[in-house]
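Take a look at the letters that make up each chain.
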Amino acid sequence: MPRIRRYYVYILTNSSRRPCYTGITNDLDRRIAEHQDAWNTGYTQRYNLNRLVYYETFRYVGNAIRREKQIKGLSHAKKRVLIESVNPKWDDLSREWGKPIKSI
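Each chain has its residues counted from 1, following the order in which its sequence is written. Thresholds applied to this predicted model are a pLDDT of at least 70 for local features of residues and 80 or more for the giving and counting of side-chain atom pairs; totals over whole chains, interfaces and linings are not thresholded and use all residues. To obtain the side-chain values, all non-hydrogen atoms of the structure were used and water was disregarded.

1. Quick word on a nonpolar patch on the surface
Put simply, the test is: Patch membership needs two things, relative accessible area over 30% and no salt bridge, and members are linked within 9 Å if like-charged or within 5 Å if nonpolar (Val, Leu, Ile, Met, Phe, Trp, Tyr). The Shrake-Rupley method, run with a 1.4 Å probe sphere, supplies the accessible areas, and residue values consider only the shown protein chains as cover. By salt bridge we mean one thing: a side-chain nitrogen of Lys or Arg within 4 Å of a carboxyl oxygen of Asp or Glu. Helix and strand definitions follow DSSP, with helices as H or I runs of at least four residues and strands as E runs of at least two, each counted in order from the N terminus.
Together, Tyr 55, Leu 93 and Trp 97 make up a nonpolar patch on the protein surface, roughly 250 Å² of accessible area in all. Within the secondary structure, Trp 97 is located in the segment after helix H4 (76-86).

2. A look at the side chain of Glu 68
Short version of the rule: Residues are treated as being in contact if the distance between any of their heavy atoms lies within 4.5 Å.
The topology assignment puts Glu 68 in helix H3 (residues 61-72). Among all residues touching Glu 68, those that are not within four sequence positions of it are Val 9, Thr 22, Gly 23 and Ile 24.

3. Overview of the packing of aromatic side chains
The condition is simple: Any two rings among Phe, Tyr and Trp, with Trp reduced to its six-membered ring, count as a pair given centres within 6.5 Å; such a pair is stacked if its planes are under 30 degrees apart, edge-to-face if over 60, and tilted if neither. Note on exposure labels: buried denotes an accessible area under 20% of the residue type's maximum, exposed denotes more than 50%, and partly exposed covers the range between, all computed with a 1.4 Å probe on protein chains only.
Applying the stated criterion to the full structure yields 2 aromatic pairs. Arranged with centres 6.4 Å apart and planes meeting at 65°, the rings of Tyr 8 and Tyr 55 form a pair that is edge-to-face. Here the residue Tyr 8 occupies a position in strand E1 (residues 7-13), and Tyr 55 occupies one in strand E3 (residues 51-58), the gap between them amounting to 47 residues. Tyr 55 gets classed as partly exposed once you look at its relative accessible area, which sits at 35%.

4. Examining H4
Stated precisely, the cut-off is as follows: Working definition: the arc comes from the directions between the helix axis and the C-beta atoms, pointing outward to the latter.
For H4, every residue scored as buried is listed here: Lys 79, Leu 82 and Ile 83. One face of H4 carries all of its buried residues, which in axial projection span an arc of 95°. Across from the buried face of H4, at angles greater than 90 degrees, the exposed residues are Ala 77, Lys 78, Val 81 and Ser 85. The elements touched by buried residues of H4 are E1, strand E2 (21-25), E3 and H3.

This is the structure in structure tokens:
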């Protein structure tokens, strides 16, 4: 059975809670780890953009690219509304990734 590819459009921020970086990837876990480990020198490292506050999943890369461009074209105020529609507290959505699941 062929593996279904997934593509992700995501928004990163820092402690300022200002949506600063919108990106696209086919491996969200790896890409966020790269941002958090400061692997990527440049814009995201310079501004300490390591908190995942929003993401969307797509089956087709073309749809993800169109959505990334659409989000990048939004004002900061509209990006804030988008983020708060699913993440009102601006929690780091990747904070618990890779940690053991607690048994009940």
